[in-house]
Structure formats: C-alpha cells, structure tokens
Amino acid sequence: MNAQAKHKSASVKLFLAGVLVLLAAPLGRAQSASVAATPPMGWNSWNHFAEKVNDAVIRAQADAMVSSGMRDAGYVYINIDDTWEGKRDAQGFIHANSKFPDMKALADYVHSKGLKIGIYSSPGPETCAKFAGSYGHEEQDATTYAGWGIDYLKYDLCGLRDIMAGAGSPDAANKMMVDAYVKMRDALRKTGRPIVYSFCQYGDAAVWQWAAAAGGNLWRTTGDINDSYERMATIGFGQAGLGKFAGPGHWNDPDMLEVGNGGMTAEEYRTHMSLWAILAAPLLAGNDLSAMSRETLALLTNREVLAIDQDSAGKEGDRFSAEGPTEIWVRPLGDGSKAVGLFNRHSGPLDMQVDFRELGFKGAVKVRDVWAAKELGSMRGTYKVQVAGHGVILLRVSE
Ligand code: GLA
C-alpha cells in the first residue's frame, strides 16, 4: 500500500468510527423492516428510456409487467428514475413536470395492476440530470411521495457532492453525506408509509459498512452499469467480499439489469442474471417491457434463477476460486443446497471443473443444471464441463 492509499484507508477507518458513533442512537436498521425481506424486484426507467420517460411509458410498462407474466414471476416495482421533477410551489412542495400530469393518478393506476411504484430524488439541490433535488425539502418531499402513494425511493447523491466539496475535509464531507441519507430516512419513517429506501452514491466511503444502519434497504456498490459485457462483468465480478454486509432488508446493489437492451449476447445476459442471482442482487429490469422478445422474457423470468436470487435465507454468495479468466462463485441456500456458478470471462469456450468436496459436500451430490433445466444425476468428486465464451454453467447442488 502506498502512502496515499494508507492515508486514505486510515481516513476511511476514522470516518467509519465516527459514523458508528453517529448511528449508535436507537435508530433501528432499515427504513422499515417490513420491506425488502428479499432483494427488490421490478423495473426502472433509466437504462432504456433515460430522459424519455413519461406517464404513458410508465403505464405501458405496468401493463406489460402484468401481461408478460413478469409480475407473477415476482417483479413488482415500477420505478420512475430521474427527469420527472418539475418546480417547487410557493410553499416549497415539489410538483412533477409536464411529462407527468398527475402523479397520484399514475400511482393509482400502477397499484390497480397489483404493482408498486417507485420514484427518484437526490439529497443535493440538483439530481444528476440537473432536475430539482430534495436538499432542504426532505420532509416535504417524503410527505409528497407518501401522498402520491409511492412505495420506493432511489436517493442519488449527485448534487450534494458540490456542497460536500466545501465541507473542509474528506471526513466532514462523508459525515455530511451520511447525515443527508439519515435525514431522508427519518423523513420517510415519519410518513408512516412503508417505502423501500435505495441509496445511490456509487459505493463511496465503504457504503456497505454503514448503509443499513443509516436506513438503506439497498445501496449501490459501484458507478453506473451500461449495456456491455465488459462493464457488467467488471461490476459483477468486482462484488467479491461484500456478501457479509447483505441480508434480509438490506442488500448490496450492483446496479440495474441490462437484459434485453441489445448490447450483449444471450449467453452474456445469462451470465448477468446468474451472477446477480448469486449476489442476492436487486433485480430491476431496465429494458422496454412493452417490446421484449421471448428470449428476453425467458432470461428475466427463469423461475429457478429467480428462486436463487430470492432465497429466503438471504445469504449473498461470493467468489470461491479464480483461475485465469475462469471463476467459480457459490451461494449457500436456505434448504442446504448451493448455487454454483462456473463463469468463463474469456471470449472463447474453456474447460472448467469443480470439486464438490471442496465446496463442503461430503458424499454423493445431486446436481441440476439450472439454465438447461436438467438433472445431471448423482455425482461424487469432480464435475467437468465446457463453458461458452463469456458464459456460465449455473448449478444447484444438494446433498
Ligand atoms: C446516476 C445514477 C443512475 C441514474 C442517473 C439519473 O448516474 O447512478 O442510475 O439514476 O443518475 O440521472
């Protein structure tokens, strides 16, 4: 570790000690223990629509969530991301811009479909897309959201960073950030409405160490994903070691899904889904649900993959081993079985093997190939298989 890195790590430690003192009060954990018992599943507007989201888009996505069968597979949140925000009125209450003529009516519509609705804001004066943030209006905004019937808030640091820059020291800046997240948590709690609270501050200041205590039901661990294998793999495989911070009600968030947006092959999207399931990651589809192919739908709704993601024990998996471009990741599941992902990060096919004894299984094991939906039978010792380039073999192994 060089001197600068040492200084940084000492400073993060000091900062964390401060945060723990700050949070030692009887604050409980997440905003509400009744939400996010398993990683939230739904859809978010940003990855596909970005600033083109509007009332009609949200209604069409809600319709498609139901008609496609995704709701019945467990996807319930329809989340409006950045660019919905309009002006504040004379009393300081926020209103939606002209793309969303009646937010309450929209929320009622989404609810009428048996779905829930989410919204987006920033602890700063401005969001990332330069719309109005909640700075100085936290309680008013929480009240407004609850009045509309909002069930989920993504709170994106963005604009607060400019203010943090004037805090005087990195520790003071970090404290300002934590205070801002706690402030909105308290505002949300005060409304009495259960609202999933999603932190988005790109994994800064080891957020996984303090986010749950600050009320987060999920927290982004990295910068933004995009629809490329490289970015998805960098984020997904970069999650090693974070599992111990996740559990029912509080999850690491490696960002939303890109499945169906067209930048990856089916094999690569299978890797995306498999890795996110092993990571107990929130599953927020980011494609246009009203125009998806059968293949995309099958990727998003594979029941066995979703069962791994949503396993009620809530234990996030981790990297078990890596050899060159191949990695084995394992997630322990509530019924004593294990999800085992054999990932090949190379562009061409590679032979891989896994020794079930090393994974803690003693005798013969029952092995199921999840994507192939095929029992591979009873095995002992080592399983060898060829894994496609950028691909995965996802197994469910039990004694
Ligand atoms: C940030 C977030 C994204 C998205 C955009 C919206 O980049 O990380 O997920 O919400 O802002 O402006």
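Whatever comes next refers back to the structure up there.
Residues numbered from 1 in each chain as written. Predicted model: local features only at pLDDT ≥ 70, side-chain atom pairs only at ≥ 80, totals over all residues. Heavy atoms only, no water.

Undergrad: Summarise the packing of helix α6 (residues 138-148) against helix α8 (residues 170-191); cite the residues concerned and give the values.
TA: Each pair of packed helices gets described by two things: the angle between the helix axes and the distance between those axes. Contact geometry of α6 with α8 gives a least axis separation of 8 Å together with a crossing angle of 40°. Regarding the angle of α6 to α8, the classification is oblique. Judged by the twist between their axes, the crossing of α6 over α8 is right-handed. Taking contact as the criterion, the partners of E138, E139, D141, A142, T143, Y145 and A146 in α6 are, on α8, K183, M184, A187, L188, K190 and T191. Residues of the contact of α6 with α8, tallied by class, amount to 6 nonpolar, 2 polar and 5 charged. (Axes fitted to C-alpha atoms, helices over the stretch in contact; angles between N-to-C directions. Helix = DSSP H or I, 4+ residues; strand = E, 2+ residues; numbered from the N terminus. Parallel < 35°, antiparallel > 145°, perpendicular 65-115°, else oblique. Left-handed = near helix turned anticlockwise from the far one by under 90°. Contact = heavy atoms within 4.5 Å. Nonpolar A, V, L, I, M, F, W, Y, C, P; charged D, E, K, R; others polar.)

Undergrad: I'd like a description of the site of the ligand, backed by residues and values.
TA: What surrounds the ligand is the set W46, D81, D82, Y120, C128, A129, K154, D156, C200, Y202, R220 and D224. A distance of 2.9 Å is found between an oxygen atom of the ligand and a side-chain nitrogen or oxygen belonging to D156. Between the ligand and R220, the relevant distance is 3.2 Å, taken from an oxygen atom to a side-chain nitrogen or oxygen of the residue. In the complex, 92% of the free accessible area of the ligand, which totals 300 Å², lies under the protein chains. Classifying every residue of the shell around the ligand gives 6 nonpolar, no polar and 6 charged. (Near = heavy atom within 4 Å. Polar contact = N/O pair within 3.5 Å; in protein donor to acceptor, adjacent residues only side chain to side chain. Areas by Shrake-Rupley, 256 points an atom, 1.4 Å probe, with all protein chains shown as cover.)

Undergrad: Outline the sheet that holds strand β13 (residues 338-344), supporting the account with residue identities and numerical values.
TA: With respect to topology, 6 strands assemble into an open sheet ordered β11-β12-β13-β18-β15-β16, the strand pairing being antiparallel. Two strands lie at the open edges of the sheet, namely β11 (318-323) and β16 (374-379), each paired on one side alone. Neighbour to neighbour, the strand axes of the sheet diverge by 20° on average, direction disregarded. Where β13 and strand β18 (residues 392-398) come together, 6 bridges link them in antiparallel fashion. Looking across to β18, one finds that A339 is bridged to R396. Sitting on the sheet, helix α10 (residues 229-237) is in contact with β11, β12 (326-332) and β13, with an inclination near 50° to β12. Along the sheet, helix α11 (residues 266-278) makes contact with β12, β13 and β18, crossing β13 at roughly 145°. (Pairing = 2+ DSSP bridges.)

Undergrad: Could you give an account of empty space enclosed by the protein, with specific residues and numbers?
TA: Counting across every chain of the model gives 1 cavity of 30 Å³ or more. Lining the largest cavity are Y152, K154, S198, C200, L218, R220, D253, D255, M256 and L284. Residue classes in the lining of the largest cavity are distributed as 5 nonpolar, 1 polar and 4 charged. (1 Å grid on protein atoms, 1.4 Å probe; cavity = no way out; pocket = protein on both sides within 12 Å on 5 of 7 lines; lining within 4 Å. Points joined across faces, edges and corners; volume = space filled by probe spheres on them.)

Undergrad: Tell me what's going on with the layout of surface pockets, and back it up with residues and numbers.
TA: What the second largest pocket holds in volume is close to 240 Å³. Around the second largest pocket, the lining comprises 14 residues; the ones closest to its centre are S321, E323, I328, Q353 and V354. Elements with a minimum of two residues in the lining of the second largest pocket: β11, β12 and β14 (350-355). Among the elements that make up the lining of the second largest pocket, the one with the highest residue count is β14 (5 residues). For the lining of the second largest pocket, the per-class residue count stands at 5 nonpolar, 4 polar and 5 charged.

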